[in-house]
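The primary structure of each chain is shown beneath.
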Amino acid sequence: MLRRSMLDYLNFELITPTAALHGKRHGARAKCLQRLIRLDMPVPDTVAISAETVRAIAGGQQPDMKELLDYFGSWPVMSVRSSPVQTDWGGPGTILNIGMNRANEAFFASRLGADAAAALHLKFIRAYAVDVDRLDDEIFDIPDLTVEMALHAYEDETDEAFPQDVETQLFNVLKSMARAWEGTSARLLRMSKGAPEDAGLGLIVQRMAFGMGKGESGSGVIQFIDSDSGDAQEVGRYMRQSQGRDALSGKQDDTMFLTRDPRGRSLEECQPEVFQELCRLGDVARVGLRQEMQIEFTLEGGNLYILDALSTPRSSRADVAVAVQLANDEIISREDAVLRIEPGAISELLHQQVAPDAVRDLLAGGIAASPGAATGKLVFDAFSAQTAAAQNEACILVRRETSPEDVRGMHAAKGILTERGGANGHAAVIARGLGLPCVAGATDIHVNSKARTMKTTDGRIFAEGAIVTLDGTNGQVLAGAVPLKEAGLSGAFRELLTWADELRDIGVRANADTPEDAEAAGLFNAEGIGLCRTEHMFFGEDRLTVLREAIFAEATEDRAAALSRLLPMQREDFRDMFRIMAPRPVCVRLFDPPLHEFLPSTRAGIVELADAMNMSAREAQARIDDLSEVNPMLGMRGVRLGITIPEIYEMQARAIFEAMIEASSEGASVMPEIMIPLVSAKREVEIIKSRIDAVAADVMSETGKTLEYRFGVMVETPRAALRAGDIATHASFLSFGTNDMTQMTYGLSRDDAGRFMSDYVNQGVFEEDPFLALDQDGVGELLQLASERGRKVRSKLTLSVCGEHGGDPESIAFCRSLGMDYVSCSPYRVPVARLAAAQLAIRAPLEEDDVFEFPEDDGFVPT
């Protein structure tokens, strides 16, 4: 038997209810049209061409064109549309009226009218010349252009007659579209949208429903929801004597509204039966395809045809509303509704965003450190930000990099911009906790704090007071005031997350450092506080100076005096947080300040501290120099501070226990968790635990109350991970601080990595910024070892991640695979984590079943 040639595989498939179509071979559009046909919709005759055939055509092989044309009768006039596997991968544009020549024009003139037939022929000549032969459309810029004039213009430009043979026309269109798909630009564009490099393209050939000619003829597009809100509403346009999507691009005077509208004519008034039928078909599609659909339709002599349908383009807010409504209408399950929403898109609903159609005058790009958008005037220090806020003026705080001295200004600002810093640097962490947009590491700007100016790489200089817009979602700084879209917290949003909570099998807590943060955590239904960074409680103006006094003090009695002033402040904060979160747990991390962040760096700050300490500015500067460290991030911080200056941790423990008693006396159920940071040795844990136990004993003796608390360790150093078995003997929980662990494992400064990280990712050194997505191979192995060794010693050891990776869906999947009990992230990432965790739980049984596959005919049309 002879081997079959490649030509034997160049075949076509008429789309019928039972045709053997597959989304991966014939594409999403072909599969959707088959589903519309199964729903008895009036779809013109359509033939699907597989990706293999399209690729062969691109290579110059010609299939049996006569076989293809036989599907369309004696006078074939057709359109060709792209059918990629995923609609958002794009593809060459649709070409209409293929087959129009002198003979077909004469035939259709009797059916449609001479003017309509000529117009159709002329439209095809221009489309073929521009899209197939790549000619300039200007050759047809001729007054009162006719078909004959266009044919002559084509021949003058190409030295060839315009093809009259229908087979030739159709094959050249197919070849042009196939080769356009294989081009470098198209390949790179679809790869940027997630398509594999070798992704194939299906094509569909459809008999033309003309939309031009006698009787009621025209084309339009209709959808049944508002694209922004997701509310039920018929939206679209209709244009008489038009084709394709002309109605969406035509002048308003030439188009009709779909529903009655005081601004002009409507299809509902002019063709009420057609309008009612479109609405009926919309309902049929919604139920049958389990999706809100946008339908492209044509009227030809009063007859309705459905040419195409796709999932209605819509915002993230509308996406949530649609999924919830479909589930409530029992068209899809709640699990399906939860799976349909991209977790990352949820963050868009929590913050203002730059309007999608806004004009962007880009000044600089940087790291998208905290999502959202804000417009305000530039200010260059915390005092100016506070002054602007007091005058109800929105401002953007811009700094080379931020420090605790800036926190008051960060609270007052609407957004934060830094020249230096990374995704988990000081500015980024504070901004995410506050829910403010932040662009960090914007190396395209130069900040001159003394001159109070910001200079961009194109030479523009912006002085204090200049208006800019910050797009923290995309990491962009824009000139001027740009239209913003408000946050979209709705009933549907909350309902979807309630379903997610019922489905997920890993806990989600929030990182919250103040009572205000705890309120935000409660708003987003966090299951507790997984990380309270107590050093962030000292950023208030009244507290920072007192804390500095405690750090500066050399005599024990001086330090005790300063700490006695901090004790009631801490106690009040803890009491409020316990009240807000009760009965949910609150995990308090004891003081972990890199000392350089809490020492004054400006002349004004030094003078203020000198006044408080009753010393000269020179003496204050000398003390600062004594306390300065070569590498403060690895210096006197965390547990090291607690061991060398025990009074600080003892004061905090007392504040926790006294706050617990106060909150409990008011009826709150409180079980605090006390966590010590930056541990690297078992003995550190033993020392601190014994001191905290002693404080607890003292408080119980003084008050007569019984205290219960859980003691644990924040695992941030590689050594702590490797020795987790030893450490777990004294801890009831281990919480992995993946920000610092990533920093120490890689030997990378999270504040400086932004300068080169994009180069590393672009050149494939790292697949992703390890401060944004957990490094599962390196840092992840440390987490795995620590989890196994810790639970080998203490089987019921609670394990969690409390770095910002706790809000990243892929990182949550890894934590779940290790059997962790919960993840913790900034309050505004809690909804993202809740949704991602639910999706993992839903998909887990499917991934464990090796034989399960989603059926081709599941009815779902991908967005």
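Definitions and cut-offs
- Position numbers for residues start from 1 in each chain and track the written sequence from start to end.
- Confidence filtering applies because this is a predicted model: local features only for residues at pLDDT of at least 70, side-chain atom pairs given and counted only at 80 or more, and all residues used for totals across whole chains, interfaces and linings.
- Hydrogens and water are ignored here; the side-chain numbers use all heavy atoms of the structure.
- Numbered from the N terminus, helices here are DSSP runs of H or I no shorter than four residues, and strands are runs of E no shorter than two.
- Residue burial is assigned from relative accessible area. The probe radius is 1.4 Å, only protein chains are included, and a residue is buried under 20% of its type maximum, exposed over 50%, and partly exposed in between.
- Contacts were defined at the residue level, with two residues in contact if any of their heavy atoms lie within 4.5 Å.
- Residue exposure ignores everything except the shown protein chains as possible cover, and the areas themselves are Shrake-Rupley values with a 1.4 Å probe.
- A helix is expected to reach a length of 1.5 Å times the quantity of its residues less one.
- In this description, one arc is meant: the one made by directions from the helix axis to the C-beta atoms.
- Here, any two strands with at least 2 DSSP bridges between them count as paired.
- Between the N-to-C directions of two axes lies an angle of 0 to 180 degrees, each axis being a line fitted to C-alpha atoms and, for a helix, fitted only over the stretch in contact.
- When charges are counted, Lys and Arg contribute as positive and Asp and Glu as negative, whereas His and the chain ends are disregarded.
- The working definition used for a salt bridge is a side-chain nitrogen of Lys or Arg within 4 Å of a carboxyl oxygen of Asp or Glu.
- Using a grid of 1 Å spacing that covers the protein atoms alone, one calls a set of points a cavity when a 1.4 Å probe fits there but cannot get out, and a pocket when the set is open and has protein on both sides within 12 Å along at least five of seven lines; lining residues are those with an atom within 4 Å of a point.
- Grid points are joined across faces, edges and corners, and a volume is the space filled by probe spheres set on the points.
- Left-handed describes a crossing in which the near helix is turned anticlockwise from the far one by less than a right angle; the clockwise case is right-handed.
- Three classes are used: nonpolar for Ala, Val, Leu, Ile, Met, Phe, Trp, Tyr, Cys and Pro, charged for Asp, Glu, Lys and Arg, and polar for all others, with Gly counted as polar.
- Put simply, a patch holds well-exposed residues, over 30% relative accessible area, that have no salt bridge, with like charges counted together within 9 Å and Val, Leu, Ile, Met, Phe, Trp or Tyr side chains within 5 Å.
- Note on charges: their place is set at NZ of Lys, CZ of Arg, CG of Asp or CD of Glu.
- The nonpolar core is taken to be a set of buried Ala, Val, Leu, Ile, Met, Phe, Trp, Tyr and Cys residues, with the residues joined through side-chain atoms within 4.5 Å.
- For Phe, Tyr and Trp, rings pair up if their centres lie within 6.5 Å, where Trp contributes its six-membered ring, and each pair is then called stacked (planes under 30 degrees apart), edge-to-face (over 60) or tilted (otherwise).
- The criterion for a charge sitting over a ring is simple: Lys NZ or Arg CZ within 6 Å of the ring centre, and within 35 degrees of the ring normal.
- Should an angle fall under 35 degrees it is taken as roughly parallel, and over 145 as roughly antiparallel, whereas 65 to 115 is taken as roughly perpendicular and any remaining angle as oblique.

Caption draft 1: Examining the overall build of the chain more closely. Along its length, the chain carries 34 helices and 31 strands. Judged by the C-alpha coordinates and their principal axes, the chain covers about 105 × 60 × 60 Å. Residue burial in the chain is summarised as follows: out of 863 residues, 55% are buried. Of all intrachain contacts in the chain linking residues separated by at least 6 positions in sequence, the fraction that spans at least 24 positions is 68%. When the accessible surface of the chain is totalled, it reaches about 36,100 Å², and 48% of it is carbon and sulfur.

Caption draft 2: Looking closely at helix H11 (residues 272–289). Taking 1.5 Å per residue, 18 residues should reach 26 Å; H11 reaches 25 Å between its end C-alpha atoms and fits that length. Those residues of H11 that sit buried are Val274, Phe275, Leu278, Cys279, Leu281, Gly282, Ala285, Arg286 and Leu289. What you see down the axis of H11 is that its buried residues fit within an arc of 165°, all on one side. Those residues of H11 that are exposed and aimed more than 90 degrees away from the buried face are Glu273, Asp283 and Val287. Two residues or fewer past H11, Arg290 is found with a positive phi of approximately 55°.

Caption draft 3: Local environment of unusual backbone geometry. Here Ala582 and Pro583 are connected by a cis peptide whose omega angle stands at 5°. With a phi angle near 60°, Asp40 is a residue other than glycine that sits in the positive phi range. By the secondary structure assignment, Asp40 is in the loop between helix H1 (23–38) and strand S2 (46–49). Not every positive phi belongs to a glycine, and Glu330 is a case in point at roughly 60°. Within the secondary structure layout, Glu330 lies in the loop between helix H12 (316–328) and helix H13 (334–339). Using a relative accessible area of 72% as the deciding quantity, one classes Glu330 as exposed.

Caption draft 4: Molecular detail of the sheet that holds strand S4 (residues 95–98). In space, the five strands of this open sheet follow the order S1-S2-S5-S3-S4, with antiparallel pairing throughout. In this open sheet, the two edge strands, each paired with only one partner strand, are strand S1 (12–14) and S4. Strand after strand, the sheet turns through a mean of 25° between neighbouring axes, direction not considered. Note: S1 against S2, three bridges, orientation antiparallel. Each bridged residue has a counterpart across the sheet, and for Leu14 the counterpart in S2 is Val47.

Caption draft 5: Structural detail: the sheet that holds strand S19 (residues 453–456). Ordered in space as S18-S19-S20, the three strands form an open sheet in which the pairing is antiparallel. Pairing within the sheet leaves two strands with one partner each, and these edge strands are strand S18 (445–448) and strand S20 (461–463). Within the sheet, the average angular offset between the axes of one strand and its neighbour, ignoring direction, is 20°. Here four bridges tie S18 to S19, and the two strands are oriented antiparallel to one another. Of the residues in S19, the one forming a bridge with Ile445 is Thr456.

Caption draft 6: Up close: the side chain of Arg190. Here Arg190 is to be found in helix H8 (residues 184–192). Although Arg190 lies buried, it forms no salt bridge, and the closest oppositely charged side chain, Glu182, sits 4.7 Å away as judged by the N-O distance.

Caption draft 7: Expanded view of empty space enclosed by the protein. Using the criterion set out here, one finds four cavities of 30 Å³ or more in the structure. Roughly 340 Å³ of internal volume is contained in the largest cavity. Lining the largest cavity are 28 residues, with Arg533, Glu535, His536, Arg589 and Arg750 sitting closest to its centre. At the level of elements, helix H17 (426–434), strand S25 (529–533), helix H22 (595–598) and helix H30 (738–746) are the ones that each hand at least two residues to the lining of the largest cavity.

Caption draft 8: Structural context of the packing of helix H4 (residues 102–112) against helix H5 (residues 114–132). Packing of H4 against H5 leaves a shortest axis separation of 7 Å and a crossing angle of 145°. Both H4 and H5 take part in a crossing whose hand is right-handed. Between H4, through Arg102, Glu105, Phe108, Ala109 and Leu112, and H5, the contact on the second element is made entirely by Ala114, Ala116, Ala117, Ala118, Leu120 and His121. Of the residues assigned to the contact of H4 with H5, the class counts are eight nonpolar, one polar and two charged.

Caption draft 9: How the structure looks around a negative patch on the surface. Taken together, Asp133, Asp136, Glu138, Asp141, Glu155, Asp156, Glu157, Asp159 and Glu160 make up a surface patch of like negative charges. Position of Asp156 among the secondary structure elements: in helix H6 (residues 147–158). Judged by relative accessible area, Asp156 falls into the exposed class, the value being 63%.

Caption draft 10: Structural context of helix H19 (residues 515–523). Looking at H19, one finds that the buried residues are Pro515, Asp517, Ala518, Ala520 and Ala521. On its buried face, H19 is in contact with H17, strand S24 (507–511), S25 and helix H21 (556–581).

Caption draft 11: Layout of the nonpolar core. Residues Phe657, Ile676 and Leu783 are the most contacted members of the largest nonpolar core, which totals 142 residues. With 11 residues, the single largest contributor to this core is helix H26 (residues 646–665). The residues touching Ile676, leaving out its near neighbours within four places in the chain, are Leu590, Val639, Tyr649, Val685, Ile688, Phe711, Gly712, Val713 and Met714. Judged by nonpolar contacts, the second largest core, of 56 residues, contains Leu120, Val132, Phe162 and Met177.

Caption draft 12: Broad picture of the pairing of strand S9 (residues 293–300). Counting buried residues in S9 gives eight out of eight residues, a clear majority hidden from the surface. Neither face of S9 is open: one carries Met293, Ile295, Phe297 and Leu299, the other Gln294, Glu296, Thr298 and Glu300, and all of them are buried. Of the pairings in the sheet, the one linking strand S6 (residues 218–225) to S9 comprises five bridges and is antiparallel in character. Each bridged residue has a counterpart across the sheet, and for Val221 the counterpart in S9 is Glu296. As defined by bridge partners, S9 adjoins strand S10 (residues 303–311) across eight bridges and the pair is classed as antiparallel. The residue of S10 that forms the bridge with Phe297 is Ile306. In this structure, the hairpin formed by S9 and S10 is closed by a connection of two residues, where Gly301 is found at a positive phi of approximately 60°.

Caption draft 13: The arrangement of the packing of aromatic side chains in detail. Within this structure, the stated rule accounts for 14 aromatic pairs. Here the aromatic rings of Phe124 and Phe162 are separated by 5.8 Å at their centres, their planes lie at 85°, and the arrangement is edge-to-face. Here Phe124 is found in helix H5, whereas its partner Phe162 is found in the loop between H6 and helix H7 (166–182), with 38 residues between them in sequence. Exposure remark for Phe124: the relative accessible area of 0% places this residue in the buried category. When its relative accessible area of 4% is taken as the criterion, Phe162 is described as buried. Taken together through their ring pairs, the aromatic side chains of Trp75, Phe107, Phe108 and Phe210 make up a single cluster. Against the face of Trp181 rests Arg190, its NZ or CZ located 3.9 Å from the ring centre. Looking at Lys689, its charged tip hangs above the ring of Phe711, at a distance of 6.0 Å from the centre.

Caption draft 14: Representation of the packing of H5 against H6. The N-to-C vectors of H5 and H6 enclose an angle of 15°; their axes lie 9 Å apart at closest approach. Classified by the angle their axes make, H5 and H6 are roughly parallel. Handedness of the crossing formed by H5 with H6: left-handed. Contacts between H5 and H6 involve Ala118, His121, Leu122, Ile125, Tyr128 and Ala129 on the former and, on the latter, Val147, Ala150, Leu151 and Tyr154.

Caption draft 15: Representation of the environment of Lys705 within the structure. Position of Lys705 among the secondary structure elements: in the loop between helix H27 (682–703) and strand S28 (710–715). You can call Lys705 partly exposed: its relative accessible area is 46%. Sequence spacing of Lys705 and Arg683 is 22 residues, and the spatial spacing of their C-alpha atoms is 30 Å.

Caption draft 16: Seen up close, the pattern of salt bridges. If you walk through the whole model with that rule in mind, you get 57 salt bridges. The shortest N-O distance in the salt bridge between Asp501 and Arg504 comes to 2.9 Å. Arg504 sits in the buried class, given a relative accessible area of 13%. A salt bridge links Asp505 to Arg816; the nearest nitrogen and oxygen atoms lie 2.8 Å apart. Residue Asp505 is located in the loop between helix H18 (491–503) and S24, and its partner Arg816 is located in helix H33 (residues 809–817); the two are separated by 311 residues in the primary sequence. Several salt bridges share partner residues, and in doing so they unite Arg571, Arg575, Asp576, Arg579, Arg654, Glu658, Glu662, Glu666 and Glu702 into one network.

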